[in-house]
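Structural overview
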Amino acid sequence: MTAGRKKMNLGALRQLKSKGIPASAITAYDYPSAVFADEAGMDWILVGDSGGMTMLGYKNTLPVTMDEMLQFSKAVARGVKTAMLIGDMPFMSYQLSNESAVLNASRFLAEGGCEAVKLEGGIAVCGRIKAIVDAGIAVMGHLGLTPQSISLQGGYKVYGKNLKEYDSLLADAMAVEEAGASFLLLEAMPDEPAGMIRDALSIPVYGIGAGGKLDGQLLIMHDVLGTFVGDIEPKFAKRYLEGRRLITEALRSYAAEVRSGAFPAKDHLYPIAPEALAEIVAKHGKK
Ligand code: KIV
């Protein structure tokens with residue numbers, strides 16, 4: 001699938017938008033899943049801080065560190081050939097100052113092999129977005145449900161369900177575009193208001209759980225494959241594979257075959273020349 005595909009970048013994503021072709025995107029945190037996602041033809045891949053939950057077993061995204069994100073990013077970058085790679089700035093990597101935001105964003109590019117960074121928030125983080133963009137780094141904004149603000153938001157919920165919330169989301173979205181963001185991600189919103197925000201902006205607007213009136217869709221790898229080990233099951237997270245069940249069944253079969261002696265079978269044994277074996281047995285005997 002990768003063969004013959006051109007490298008995706010900001011220009012290519014803008015072209016998809018102008019042609020009305022929705023971009024497909026997924027998260028990845030390791031080398032094999034990056035290879036699979038790229039081979040499957042994803043237009044962009046997010047090294048999400050959701051990796052803290054999907055890969056490391058944290059209860060939410062707050063404990064994820066820059067070092068963990070860079071380790072995910074480096075592995076993913078090794079596996080990606082054509083998708084545009086975006087690194088997700090973890091909690092407290094951009095909130096403290098413009099300087100630390102620019103420095104941490106630059107690490108995603110210089111060390112992590114990413115081509116852009118994503119950060120959560122609207123008007124409150126526009127100074128950070130501008131500083132990062134001024135340093136020559138493309139930024140994706142992220143509005144709606146922003147999991148790093150779980151302390152303020154008081155849990156996961158759907159955003160933009162009333163006029164007050166919509167007005168505030170629209171103001172944030174316009175400010176994020178004005179600050180220089182190259183694209184925007186909306187999370188957990190009803191279809192129509194998300195589409196209205198998309199129509200009010202000129203940059204590509206993507207969604208995760210924000211309906212179908214957008215410039216493309218993002219899903220979490222572990223939701224798609226059914227391998228998320230946790231108790232959050234968002235309504236929008238369509239499962240394309242019963243991964244957890246299939247993997248557990250496979251491992252159960254392996255363990256059962258070891259116990260029964262069915263594994264290893266003849267096919268899994270390394271051969272040895274009869275003369276060489278006879279020589280070893282002659283010298284050492286056979287127990
Ligand atoms: O970390 C992540 O995967 C994200 C998505 C939920 C948007 O930020």
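A brief structural summary. Fair warning: this is a prediction, and the values are worked out from it, not measured in the lab. (Residues numbered from 1 in each chain as written. Predicted model: local features only at pLDDT ≥ 70, side-chain atom pairs only at ≥ 80, totals over all residues. Heavy atoms only, no water.)

Considerations on the overall build of the protein
Assigned secondary structure in the protein consists of 12 helices and 8 strands. Overall, the C-alpha framework of the protein stretches about 85 × 40 × 35 Å when taken along its three principal axes. The burial tally for the protein puts 46% of its 287 residues in the buried class. Summarising the internal contacts of the protein: among those between residues at least 6 apart in sequence, 58% fall at separations of at least 24. As displayed, the protein offers around 15000 Å² of accessible surface, 59% of which is attributable to carbon and sulfur atoms. Across the protein, the centroid of the 30 positively charged side chains sits 5 Å from that of the 32 negatively charged ones. (Helix = DSSP H or I, 4+ residues; strand = E, 2+ residues; numbered from the N terminus. Buried < 20%, exposed > 50% of the residue type's maximum accessible area, 1.4 Å probe, protein only. Contact = heavy atoms within 4.5 Å. Areas by Shrake-Rupley, 256 points an atom, 1.4 Å probe, with all protein chains shown as cover. Lys, Arg positive; Asp, Glu negative; His and termini not counted. Charge placed at Lys NZ, Arg CZ, Asp CG, Glu CD.)

Remarks on the packing of helix α4 (residues 66-79) against helix α5 (residues 98-110)
Across the interface, α4 lies against α5 with an axial gap of 10 Å and an inter-helix angle of 25°. Taken together, the axes of α4 and α5 lie roughly parallel to each other. Of the two possible hands of crossing, α4 and α5 adopt the one that is right-handed. Residues M66, D67, M69, L70 and S73 of α4 pack against N104, R107 and F108 of α5. (Axes fitted to C-alpha atoms, helices over the stretch in contact; angles between N-to-C directions. Parallel < 35°, antiparallel > 145°, perpendicular 65-115°, else oblique. Left-handed = near helix turned anticlockwise from the far one by under 90°.)

Topic: the environment of M8
Secondary-structure assignment places M8 in the segment before α1 (10-19). Owing to a relative accessible area of 6%, M8 belongs among the buried residues under this scheme. Sequence-wise, M8 and A83 are 75 residues apart; in three dimensions their C-alpha atoms are separated by 5.2 Å.

Details of the site of the ligand
Around the ligand, the surrounding shell holds 13 residues, and the nearest of these are D49, S50, D88, K118 and L185. Contacts to the ligand include D49, whose side-chain N or O atom sits 2.7 Å from an oxygen atom. In the environment of the ligand, an oxygen atom lies 3.0 Å from a nitrogen or oxygen atom belonging to the side chain of D88. Starting from 260 Å² of accessible surface for the ligand in isolation, the protein chains cover 96%. Counted by class, the shell around the ligand contains 5 nonpolar, 4 polar and 4 charged residues. (Near = heavy atom within 4 Å. Polar contact = N/O pair within 3.5 Å; in protein donor to acceptor, adjacent residues only side chain to side chain. Nonpolar A, V, L, I, M, F, W, Y, C, P; charged D, E, K, R; others polar.)

Looking at the packing of aromatic side chains
Tallied over the full model, the rule gives 4 aromatic pairs. Between Y29 and F72, the ring centres sit 5.8 Å apart and the planes meet at 65°, which makes this aromatic pair edge-to-face. Of this pair, Y29 sits in the loop between β1 (23-27) and α2 (31-39) while F72 sits in helix α4; the two residues are 43 residues apart in sequence, bridging distant segments of the chain. By relative accessible area, F72 is classed as buried at 8%. Taking 5.2 Å as the distance between ring centres and 45° as the angle between the ring planes, the aromatic pair formed by W44 and Y206 counts as tilted. Within this pair, whereas W44 is found in strand β2 (residues 44-47), its partner Y206 is found in strand β7 (residues 205-208), the two being separated by 162 residues in sequence. This pair shows no difference in class: W44 is buried, exactly as Y206 is. Here the basic side chain of K157 rests over the ring of Y159, its NZ or CZ set 4.7 Å away from the ring centre. (Phe/Tyr/Trp six-rings, centres within 6.5 Å; stacked < 30°, edge-to-face > 60°. Lys NZ or Arg CZ within 6 Å of the ring centre and 35° of its normal.)

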